[in-house]
Amino acid sequence: MEILGIESSCDETAAAIYTDDGLQSNIIASQAVHEQYGGVVPELASRAHHKTIWHTVQQALDEGSTSLEEIDAVAVTQGPGLMGSLLVGLCFAKGLCLSRNIPLVGVNHMDAHIYANFIDEQPEYPFVSLTVSGGHTQLVYVSAPFEHELLGQTRDDAAGEAYDKIGKILGLPYPAGPVIDERSEHGDPNFHDFPQAMLDNDFEFSFSGLKTSVKYFLEDQDDQEQFLEDHLDDICASVSHAITEVLVKKLRNAIEHTGVKTIALAGGVSANSMLRKKANELASDTGCELHIPQLAYCTDNAAMIAITGYMMAEREMYADMNLRPFANLKQVLSQK
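Structure report, in brief. (Residues numbered from 1 in each chain as written. Predicted model: local features only at pLDDT ≥ 70, side-chain atom pairs only at ≥ 80, totals over all residues. Heavy atoms only, no water.)

**A short note on the overall build of the chain**
Counting secondary structure elements, the chain contains 10 helices and 10 strands. For 336 residues, the compact-globule estimate of 2.2 N^0.38 gives 20 Å, and the chain sits close to it at 20 Å. In terms of overall dimensions, the chain has a C-alpha envelope of 65 × 45 × 35 Å along the principal axes. The buried share of the chain, reckoned over its 336 residues, is 54%. Summed over all atoms, the accessible surface of the chain reaches about 14,500 Å², with 47% contributed by carbon and sulfur. (Helix = DSSP H or I, 4+ residues; strand = E, 2+ residues; numbered from the N terminus. Rg over C-alpha atoms; globule rule 2.2 N^0.38 Å. Buried < 20%, exposed > 50% of the residue type's maximum accessible area, 1.4 Å probe, protein only. Areas by Shrake-Rupley, 256 points an atom, 1.4 Å probe, with all protein chains shown as cover.)

In structure tokens form, the structure reads like this:
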């Protein structure tokens, strides 16, 4: 079986080929246009997807040493994501399926982040996934393939969103998460004690207050510009410490609640070096086996869509041509 995976939920146009022999290609076309706006502009994103999707798919086919005639099914991100961006990928995928008379697989983007852990490894069920991205922060109990229980999620900003908003306050380029992570390695995480919200709640998250705290902390400085120049690395490290401490504490709560011996990180923020280090320490302390995707499979990519589509196709979890995109996760879940 050969699966073509297509991802277009936000500002990455991506395509990948996954077969019985594993991942054969993973192509990502990034959209640099959004950097000048400090965030993703939906209309520009959808237009860029439209321009690049066919070239991206063809490159994935070429690098995967296959052709459209050999593809057995097309897996595409259904949601959550930007509606205009999702429509480009979904319409393109439907066109391929109709022209070749092959099945369509609609993939939940958040599920795909979880199953990115299966590209190189085979986590044992049941496990708990800490899924942390720009738009979502979740703790999910996975008892078997596609049998999930949402333990808790963010009530406001996601962790990745907090990184980007705080980065904007600090004058850092978008996306700010990787920049803050890099600068954190040279700073003191104990420089300032930023708030760690909702520690008294087992599985829920809140990060909106953190950016407000950073804003007020900087405004309290006599010479804000000079203060940032002198202590930017320390502030970045302190921010990362506040975010990752909450994430790891909640993950520990989930381990104790479920009794699992396997845990996984997923989503773009799982690339964060401080989070990876603390998760490894937690795994060692609790006797759990930890799985983290390669960096290339943490941020939005089509490899995770392709493998999730492959696993769904194995179980004949196909969609029909009435499959619709959904912008938010609640709508995606309600369709099931």
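Alright, that's what it looks like, and here's the rest.
**Let's talk about a negative patch on the surface**
Judged by side-chain charge, Asp222, Asp223, Glu225, Glu229 and Asp230 come together as a negatively charged surface patch. Tracing the chain through its elements places Glu229 in helix α7 (residues 224-258). Using a relative accessible area of 61% as the deciding quantity, one classes Glu229 as exposed. (Patch = residues over 30% accessible without salt bridge, like charges linked within 9 Å, V, L, I, M, F, W, Y side chains within 5 Å. Salt bridge = Lys/Arg side-chain N within 4 Å of Asp/Glu carboxyl O. Lys, Arg positive; Asp, Glu negative; His and termini not counted. Charge placed at Lys NZ, Arg CZ, Asp CG, Glu CD.)

**Description of the side chain of Thr308**
As for its placement among the helices and strands, Thr308 is situated in helix α9 (residues 303-314). Judged by relative accessible area, which is 0%, Thr308 ranks as buried. A polar contact is formed between the side chain of Thr308 and the backbone oxygen of Met304, at a distance of 2.6 Å. When sequence neighbours within four positions are dropped, the list of residues in contact with Thr308 reads Val107, Asp111, Ala112, Tyr115 and Phe146. (Polar contact = N/O pair within 3.5 Å; in protein donor to acceptor, adjacent residues only side chain to side chain. Contact = heavy atoms within 4.5 Å.)

**A look at the pattern of salt bridges**
Between side chains of opposite charge, a pair can form as their charged atoms come close. For the structure on display, the rule yields 10 salt bridges. For Arg155, the salt bridge identified is with Glu204, shortest N-O distance 3.4 Å. Of the two residues, Arg155 is situated in the loop between β8 (147-153) and α4 (159-169) and Glu204 in the loop between α5 (177-184) and α6 (208-219); the sequence distance between them amounts to 49 residues. What makes Arg155 exposed here is its relative accessible area of 55%. Glu204 gets classed as buried once you look at its relative accessible area, which sits at 18%. Between Lys211 and Asp157 there is a salt bridge, and its shortest N-O distance comes to 2.8 Å. Taken together, the positions of Lys211 in helix α6 and Asp157 in the loop between β8 and α4 put the pair 54 residues apart, joining distant regions of the chain. By relative accessible area, which is 7% here, Asp157 ends up buried. Here the residues in one salt-bridge network are Asp157, Glu161, Lys165 and Lys211, joined through shared partners.

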